[in-house]
Amino acid sequence: MSKRQLVVFVEIALTLALGVVLGSLKIWQMPQGGSISLGMLPVLVLALRRGPLVGVAAGALGGLLGLIVEPPFIVHPVQFILDYPVAFAAVGLAGLFSASWRSSARTQAWSRGIALAVIPGVATGALLRYAAHVVSGIVYFADYAQGQPVILYSAIYNSYVLVSALLCMGAAILVLPALERVVPSENERS
Amino acid sequence: MKVPVTFGQYVPVDSPVHSLDAKAKMGLVAAFTAALFLVDGPLGMVAAAAVVAAAVVLSRVPWRIALRGIRAVVMILMITLAAHALRWNPATVALVRVGPLAVDAAGLKEGLFFVVRIVLLVVGTSLLTLTTSPVALTDGLERIMRPLARVRFPASEVAMMLTIALRFIPTTAQEAEKLIVAQTARGARFDAGGPIARARAYAPVLVPLFVNLFRRADDLATAMEARCYRGGVGRTRLHESRMRPRDWAVLCLGTLVLALVGITL
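Cut-offs and rules
- Residues numbered from 1 in each chain as written.
- Chains lettered and ligands numbered in written order.
- Predicted model: local features only at pLDDT ≥ 70, side-chain atom pairs only at ≥ 80, totals over all residues.
- Heavy atoms only, no water.
- Buried < 20%, exposed > 50% of the residue type's maximum accessible area, 1.4 Å probe, protein only.
- Helix = DSSP H or I, 4+ residues; strand = E, 2+ residues; numbered from the N terminus.
- Arc of directions from axis to C-beta.
- Domains from an automatic or database assignment.
- Contact = heavy atoms within 4.5 Å.
- Buried area = accessible area lost by both parts, 1.4 Å probe.
- Salt bridge = Lys/Arg side-chain N within 4 Å of Asp/Glu carboxyl O.
- Polar contact = N/O pair within 3.5 Å; in protein donor to acceptor, adjacent residues only side chain to side chain.
- Nonpolar A, V, L, I, M, F, W, Y, C, P; charged D, E, K, R; others polar.
- Axes fitted to C-alpha atoms, helices over the stretch in contact; angles between N-to-C directions.
- Parallel < 35°, antiparallel > 145°, perpendicular 65-115°, else oblique.
- Phe/Tyr/Trp six-rings, centres within 6.5 Å; stacked < 30°, edge-to-face > 60°.
- Lys NZ or Arg CZ within 6 Å of the ring centre and 35° of its normal.

Asks: A description of helix H7 (residues 150-157) of chain A should follow, citing residues and the corresponding values.
Replies: Residue and element names in this part refer to chain A. Listed in full, the buried residues belonging to H7 are Val150, Ser154 and Tyr157. With its buried residues spanning 70° around the axis, H7 presents them on a single face. Facing away from the buried side of H7, by more than 90 degrees, are the exposed residues Ile151, Leu152 and Ile156.

Next up, the structure:
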């Protein structure tokens, strides 16, 4: 294991810790039980700096850690797979835009980086996570409640993810350029 | 605005369930989940409920804490029950009828079956995290994932990352708390206004948290390298957790009982 790999490895670990802490700061409690927090933000930031592979690994491990730290939400085996590893790993796919972010950061073209990397990256990660939760809801309800408009139920029930995503997008726009100025991702590039 | 200092669900008391090896408990939870989905009659649910109740009593975890997980699924439970029991303008005679809405007896019975299954699933699986310390859990996880190392899955590295994350959760929480207090002293409000105003208040807290994260990662990597950490290959442990004969006995016997319940009832 090289030093660079080790740094990435530790960054993933500390990202998970920050994710748990930010996730516990509930900014807004939704009436139906979901809560809005910035828990996704660390994985999004790491994915945009380090690429999709690191992002997906951090996301999947975050799902695993979430199971240990908070009371798990398990009502069905398929629902469990989709709501934990798959949904959280999907957030890491924000890293698909990391090349674009790094090239913008190199020239300090912040608004270009925000428009071409941060916004599409966060949107991709968050929408894929939302999709995983919605599909998990459909699987669950289709098994228990035949003949109901299951897609609608699931889409509404999971909508809190989208609100969280909007907040994360705003926060990522603030955090990433500031972070890049102090700790550039370029010189420790993976 | 307070940052919770204690994380995790572990209830540190002394009990036979706590002293059982984490790997045995994971196996039992998997067997329990499978049995719960194989059971297809009310009698099987009663047997599964008895197993869960016995485990909770043995574990000396207070009922209030053992049942806490149900709170998160209340909405799902209500929707499940309603979807089964409620009928819109049914042709047949219903149990209770309010206008066009009716409660169907057979549907109600079916709905209750599914509700009980979810409740048992939630309480049964949460017993694992309530009675096993996070470190023991990650150790157990590493041991279970070890065969995957043959297909180049970094099992030991995954366990190491989770252990580092668990260790740094309190440190990061303290740091966040300090930053929030410092910003509050400068007049920031974290608990007033709508979601956007609240999120904006967090900006001066978030930036230093992220800067510290990436700086600390570099320091920690240097410290690990200086101590010759080079991944999982050939790493040994000071405290190796082993399955004792007692753990094997409980695992095999428990799986057998659960399999019987799942297949016959």
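Asks: Please set out the domain arrangement of chain B residue by residue, giving values where relevant.
Replies: One can read the domain layout of chain B as domain 1 (1-154 + 242-265) and domain 2 (164-230). Taking only C-alpha atoms into account, the centre of domain 1 of chain B sits 35 Å from that of domain 2 of chain B.

Asks: Tell me about the interface of chain B and chain A, and please be specific about residues and values.
Replies: Of the residues lining the interface, 69 residues belong to chain B; the matching set on chain A comes to 58 residues. With both chains or domains summed, chain B and chain A bury close to 5600 Å², and 83% of this area falls on carbon and sulfur atoms. The three residues of chain B that bury the most area against chain A are B:Met161, B:Phe210 and B:Phe214, which together make up 13% of that side's buried surface. In this structure, the connection of chain B to chain A is made through 0 salt bridges. Put simply, chain B and chain A have 1 residue pair in polar contact (both at pLDDT 80 or more) between them. Those elements giving two or more residues to the side of chain B that touches chain A turn out to be helix H5 (70-85), helix H6 (105-131), helix H7 (134-145), helix H8 (155-185), helix H9 (195-201) and helix H10 (203-226) of chain B. Top contributing element to the side of chain B that touches chain A by residue count: H10(B), with 17 residues. Of the residues belonging to the side of chain B that touches chain A, the class tally is 46 nonpolar, 14 polar and 9 charged.

Asks: Can you break down the packing of H7(B) against H8(B) residue by residue, with the values?
Replies: All names here are of chain B. The contact between H7 and H8 brings their axes to 8 Å, and the two run at 170°. Between H7 and H8, the angle is such that the two are roughly antiparallel. On the side of H7, the interface is formed by Pro134, Val135, Thr138, Leu141, Glu142 and Met145, while H8 contributes Ala155, Ser156, Val158, Ala159, Leu162, Thr163 and Leu166. A breakdown of the residues in the contact of H7 with H8 according to their chemical character gives 9 nonpolar, 3 polar and 1 charged.

Asks: Break down the packing of aromatic side chains for me, citing the residues and quoting the values.
Replies: Residues and elements named next belong to chain A. Counting across every chain of the model gives 5 aromatic pairs over all chains. With centroids separated by 5.9 Å and ring planes inclined at 40°, the aromatic side chains of phenylalanine 80 and tyrosine 84 adopt a geometry described as tilted. Remark: tyrosine 84 and phenylalanine 80 occur in helix H4 (residues 77-91); sequence separation between them is 4 residues, near one turn of the helix. Overall, the relative accessible area of 24% leaves phenylalanine 80 in the partly exposed class. Judged by relative accessible area, tyrosine 84 falls into the buried class, the value being 11%. When the centroid spacing of 6.3 Å and the interplanar angle of 20° are considered together, the rings of tyrosine 84 and phenylalanine 88 count as stacked. Here tyrosine 84 and its partner phenylalanine 88 are both found in helix H4, 4 residues apart, which amounts to about one turn of the helix. Judged by relative accessible area, which is 25%, phenylalanine 88 ranks as partly exposed. By way of ring pairs, the aromatic residues Phe80, Tyr84 and Phe88 are connected into one cluster. Across from the ring centre of phenylalanine 88, 4.9 Å away, lies the NZ or CZ of arginine 129, which sits over that ring.

Asks: So what's going on with the packing of helix H3 (residues 52-69) of chain A against H4(A)? Residues and values would help.
Replies: Residue and element names in this part refer to chain A. Here H3 crosses H4 at 140°, and the two axes come no closer than 6 Å. What the angle tells us is that H3 and H4 run oblique. Between H3, through Val56, Gly59, Ala60, Gly63 and Leu67, and H4, the contact on the second element is made entirely by Phe80, Tyr84, Pro85, Phe88 and Ala89. Grouping the constituent residues of the contact of H3 with H4 by class yields 8 nonpolar, 2 polar and no charged.

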